[in-house]
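# Coordinate inspection notes
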Amino acid sequence: MSGDPCGRCEELLQDFLDRTLSDSEWREAEVHLEGCDYCRRRYRFEASLRRYVRTSSLERMPPGLMEKLAELRGLDATA
Amino acid sequence: MSEASPETDARRIATEARDRARFEEEALALADQVYRVARRLVGSREEAEDLVQETYARAFRSWRSFTPGTNLRAWMLRILTNLNVDRGRKIQRTPQTQTLEETDYYLANKVAAASGEDALESDDVVERLSQDSIVNALSEIQPQFRDVVVLVDIGDFSYADAAQILDVPIGTVMSRLHRGRRALKQHLAEGALS
């Protein structure tokens, strides 16, 4: 990586976690992460944050909502 | 042209009733996932419930416009996000404009500054953010960015599905997603860690 290697690694962070990097960019990030604690910690933090955001929203439907939705079956297109 | 015989007519009605019932069952099986997305798009549980009911009412009314074999979850979510946009227009929320931190390490840097570099390697730090702080942070993001974050990072939709649901190009989904995630981290830093 030329220029600021950590800056470049930061640019690749989101796509790295989304697995949308090209093969060469992926290698570029991996090589840098192997030698850079600063970026490696930040990547790890970002990955746990993503997991947290996902699991923070595992809320189930309120009781009774399913019945209300089921009652909507058969609604007329003109209703 | 010959008239349809009563038998053909009866068969047509029976087939349609069967297709419709199948559609309704498949749509109802997705209710948990639809609710989950709705819950993160709007402020309260009550609003989410209303939005989901409106979504199902519209879906059941227009079931004929769904093409069997295509992605029903994306189709339902498209109805939901459109209804939510209409709803947003009605309450005329003015989206706050805000300067965004131009860095993806923003929240991590804040955490490291407050608790040390090693804190980034501990799951406790992330877990210390409460569910409420995520909900609050999401509610503060401008709607067009929030919708993408909710669909991709919470609803697990692909970029392509999110693009189809929101009726925008994939490139727009990607840029909004990056921006939305940064905004989320910024609000988390301001709310939960300040």
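Please read all numbers here as calculations on a predicted model, not as lab measurements. (Residues numbered from 1 in each chain as written. Chains lettered and ligands numbered in written order. Predicted model: local features only at pLDDT ≥ 70, side-chain atom pairs only at ≥ 80, totals over all residues.)

## Considerations on the overall build of chain A
Scanning chain A from N- to C-terminus turns up four helices and zero strands. From first element to last, N terminus to C terminus, chain A shows the α and β order α-α-α-α. A buried classification covers 20% of the 79 residues belonging to chain A. (Helix = DSSP H or I, 4+ residues; strand = E, 2+ residues; numbered from the N terminus. Buried ≥ 20, exposed ≤ 12 C-beta atoms within 10 Å, placed from the backbone.)

## A word on unusual backbone geometry
Unlike most non-glycine residues, Arg19 of chain A shows phi in positive territory, near 60 degrees. Mapping Arg19 of chain A onto the fold places it in the loop between helix H1 (5-18) and helix H2 (23-35). You will see that Asp167 of chain B, though not glycine, has its phi angle at about 60 degrees, which is positive. Mapped onto the fold, Asp167 of chain B is located in the loop between helix H9 (159-166) and helix H10 (170-191).

## Quick word on the confidence of the model for chain B
Chain-level statistics for chain B give a pLDDT mean of 85 and a share of 89% at 70 or above. Across the interfaces of the predicted complex, the ipTM metric reaches 0.77, alongside a pTM of 0.77. (pLDDT = per-residue confidence, 0-100.)

## Some thoughts on the interface of chain A and chain B
For interface size, the figure often reported is the accessible area lost on association. In this complex, chain A contributes 30 residues to the contact, which on the side of chain B involves 35 residues. Those elements giving two or more residues to the side of chain A that touches chain B turn out to be H1, helix H3 (37-55) and helix H4 (65-71) of chain A. Ranked by the residues each element gives to the side of chain A that touches chain B, the list is headed by H3 of chain A, at eleven residues. A class-by-class count of the residues in the side of chain A that touches chain B yields 15 nonpolar, four polar and eleven charged. (Contact = placed C-beta atoms within 7 Å. Nonpolar A, V, L, I, M, F, W, Y, C, P; charged D, E, K, R; others polar.)

## Here's the deal with the nonpolar core
All names here are of chain B. Counting 51 residues, the largest nonpolar core has Val34, Val37, Ala38, Val148, Val149, Leu151 and Ala162 as the members making the most contacts within it. Element by element, the count of residues in this core is highest for helix H8 (residues 143-154), at seven residues. Each of domain 1 (6-91) and domain 2 (106-191) contributes no fewer than three residues to this core. Apart from residues no more than four positions distant in its own chain, Val148 is found in contact with Ala162, Val173, Arg176, Leu177 and Gly180. (Core = buried A, V, L, I, M, F, W, Y, C linked by C-beta atoms within 7 Å. Domains from an automatic or database assignment.)

## Description of the environment of His187 of chain B
Residue and element names in this part refer to chain B. Its location among the elements puts His187 in helix H10. Separated by 175 residues in the primary sequence, His187 and Arg12 place their C-alpha atoms 55 Å from one another. The contacts of His187, once residues within four sequence positions are left out, are Ala137, Glu140 and Ile141.

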